[in-house]
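Chain residues, written in single-letter form:
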Amino acid sequence: MVALAAAALAACGSDDDAADDGDTAESTTTIAEAAADDGETDPDSAGDGGEASADEADEEGATASDPFPVTIEHTHGETTIESRPERVVTVGLRDQDAVLAMGVAPVGIQDWFGEQPHAVWPWAQDELGDAEPVVLDPNELDFETIASLDPDVIIGVDSGLTAEDHALLSEIAPTVAQPAEHADWAVPWRERTLIVARALGEEARANELIAEVETSIADAAAAHPELEGATALIGLAAADGQAYAYGSEDVRSRFLVELGLEVPAVIEDQVPDDSFFVTLSPENLGDLDADVLVWIGGDLTAFEGVLDQPVYPARVADQGRDLFLPYDPLGGAISFASVLSLPFLAEELVPELALALDGDPSTTSTYGR
């Protein structure tokens, strides 16, 4: 079954949350060749080397207008999708955003957090339109309900599907699991988008959207050159004064890195190779010292157990360098870090980061102290 505790940490944190077979057929294209390893994608060349030539496409049944069948590699093998899916179920934490961005409304969405209508957040509601997908239990894979939705494909890219999970889901429909190159629940937004696009036959659309998102992030960074080279951390409060800090491989931190910010080495060096976060005990909260410290999940009162610790970085507190983001909407948007939520973040969060970064408590952000 899904490692649900680890999925919960991807949203709200728990120190218990550390985190075979696919459908096989002759491959026409593989996502491993198309998606950039570190998320750097050239819209004009993404997919080069992974797409079959015109002659090969004719031989295998795929054409420029109909790319199917496609074969996608993942941590449990590979999955072949024979024809363009119409009924899509998502079982990854953030997968609904990429599916919606491709112009497809899922018939079922495994919920994550936030109690949003149809498990779709504000930045994706326009893409959802009038569709009313079934919201699946966030705490377990409901195989019976998923089967009842009669999906053509099941998307679990942003997930921690086990080999058993994948095998059971594959009995219902072709199932695309998480790629092996990244920790579970830590697939970069570009790669998430490209994998989903390949599964739905919308790779050209994905490349256009990726280029637009890259432009929005680049424009936001250009408007605030003071972000370049400054240090930044994203944190989450835990019980008993503990905290979680996310490394640069986490999807939230990747947004900050794209703006030119850097995760402090003292945190980066503590993150295990197979994870994306580190747990800090109360006596080690001094490691949270950064030019800007972003807390996710509420206002000041939600973090009293951490803020009251004597080793909480004085520079951060005294100079108003910490931000406190409620989940709805900014905390949720950075937690999703998707092709749909990132433009919203670039517009709404970046100016707040700049206010916190200046070290002047008199210019406190809306989300500051």
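Just so it is clear, the structure is predicted and the values come from calculations on it, not from any experiment.

Definitions and limits used
- Residues numbered from 1 in each chain as written.
- Predicted model: local features only at pLDDT ≥ 70, side-chain atom pairs only at ≥ 80, totals over all residues.
- Heavy atoms only, no water.
- Pairing = 2+ DSSP bridges.
- Helix = DSSP H or I, 4+ residues; strand = E, 2+ residues; numbered from the N terminus.
- Contact = heavy atoms within 4.5 Å.
- Axes fitted to C-alpha atoms, helices over the stretch in contact; angles between N-to-C directions.
- Phe/Tyr/Trp six-rings, centres within 6.5 Å; stacked < 30°, edge-to-face > 60°.
- Buried < 20%, exposed > 50% of the residue type's maximum accessible area, 1.4 Å probe, protein only.
- Core = buried A, V, L, I, M, F, W, Y, C linked by side-chain atoms within 4.5 Å.
- Salt bridge = Lys/Arg side-chain N within 4 Å of Asp/Glu carboxyl O.

## Here's the deal with the sheet that holds strand 7 (residues 175–176)
Pairing within the open sheet is parallel, and its five strands lie in the order 5-4-3-6-7. The open sheet has two edge strands, strand 5 (134–136) and strand 7, and neither has a second partner. Where strand 3 (residues 88–90) lies against strand 6 (residues 153–155), three bridges are found, and the strand directions are parallel. Its bridge partner being in strand 6, Thr-90 is matched across the sheet by Ile-155. Contacts from helix 8 (residues 189–200) reach strand 3, strand 6 and strand 7 within the one sheet, and its direction differs from that of strand 6 by about 175°.

## So, the sheet that holds strand 12 (residues 322–325)
Read from one edge of the open sheet, five strands run 10-9-8-11-12, paired in mixed fashion. Either end of the sheet is taken by a strand with one partner, and the two such strands are strand 10 (277–280) and strand 12. For this sheet, the mean angle separating the axes of adjacent strands, direction not counted, is 25°. In terms of strand pairing, strand 8 (residues 232–237) meets strand 11 (residues 292–296) through four bridges, oriented parallel. Across the sheet, the residue bridging to Ala-232 is Val-292, located in strand 11. Contacts from helix 10 (residues 251–258) reach strand 8, strand 9 (243–246) and strand 11 within the one sheet, and its direction differs from that of strand 8 by about 155°. Against the sheet, helix 14 (residues 327–336) engages strand 8, strand 11 and strand 12, with an angle of about 110° to strand 11.

## A few points about the packing of aromatic side chains
The tally for this structure, following the rule as stated, stands at 15 aromatic pairs. Between Trp-121 and Trp-123, the ring centres sit 5.3 Å apart and the planes meet at 15°, which makes this aromatic pair stacked. For Trp-123, a relative accessible area of 11% puts it in the buried group. On the numbers, 5.6 Å between centres and 45° between planes, the contact of Phe-303 with Phe-324 is tilted. Residue Phe-303 is located in the loop between strand 11 and helix 12 (304–307), and its partner Phe-324 is located in strand 12; the two are separated by 21 residues in the primary sequence. Neither Phe-303 nor Phe-324 differs from the other in exposure class; each is buried.

## Notes on the environment of Gly-260
Mapping Gly-260 onto the fold places it in the loop between helix 10 and helix 11 (265–268). For Gly-260, a relative accessible area of 11% puts it in the buried group. Sequence separation of Gly-260 and Ala-222 is 38 residues, and the distance between their C-alpha atoms is 9.8 Å. The contact partners of Gly-260, leaving out residues within four places of it in the chain, are Leu-227, Glu-228, Gly-229 and Ala-230.

## Considering the nonpolar core
One finds Ile-155, Val-176, Phe-255, Leu-259 and Leu-353 to be the most contacted residues of the largest nonpolar core, which totals 77 residues. Counting 19 residues, the second largest nonpolar core, distinct from the first, contains Val-263, Val-278, Leu-285 and Tyr-312.

## Details of helix 16 (residues 350–357)
Most of helix 16 is tucked away, with six of its eight residues classed as buried. Buried residues of helix 16: Val-350, Glu-352, Leu-353, Ala-354, Ala-356 and Leu-357, and no others. Phi turns positive, to about 70°, at Gly-359, one or two residues after helix 16.

## Here's the deal with helix 14
Among the 10 residues that make up helix 14, seven are buried, leaving the element largely enclosed by the rest of the structure. The set of residues buried in helix 14 consists of Leu-330, Gly-331, Gly-332, Ala-333, Ile-334, Ser-335 and Phe-336. Ala-337, located one to two residues past helix 14, shows a positive phi value of around 40°.

## Section: the pattern of salt bridges
Counted under the stated rule, the structure contains 10 salt bridges. A salt bridge links Arg-94 to Asp-158; the shortest N-O distance between them is 2.8 Å. Residue Arg-94 is found in the loop between strand 3 and helix 4 (95–101), and its partner Asp-158 is found in the loop between strand 6 and helix 7 (163–170); the two are separated by 64 residues along the sequence. A salt bridge links Asp-289 to Arg-315, with the nearest nitrogen and oxygen atoms 3.2 Å apart. Linking Asp-289 in the loop between strand 10 and strand 11 with Arg-315 in helix 13 (residues 314–318), this pair joins segments that are 26 residues apart in sequence. The class of Asp-289 is partly exposed, set by a relative accessible area of 34%. Look at the salt bridges and you will find they share partners, linking Arg-190, Glu-214 and Glu-258 into a network.

## Looking at unusual backbone geometry
Here the amide bond leading from Phe-68 into Pro-69 is cis, since omega sits at 5°, within 30 degrees of zero. That bond from Asp-328 to Pro-329 is cis: its omega, 5°, falls within 30 degrees of zero. At Ala-119, a residue that is not glycine, the phi angle is positive and equals roughly 60°. Within the secondary structure, Ala-119 sits in the loop between strand 4 (108–110) and helix 5 (125–128). Classification of Ala-119 by relative accessible area gives buried; the value is 2%.

Take it as geometry only, folks, not as evidence of what the structure does.
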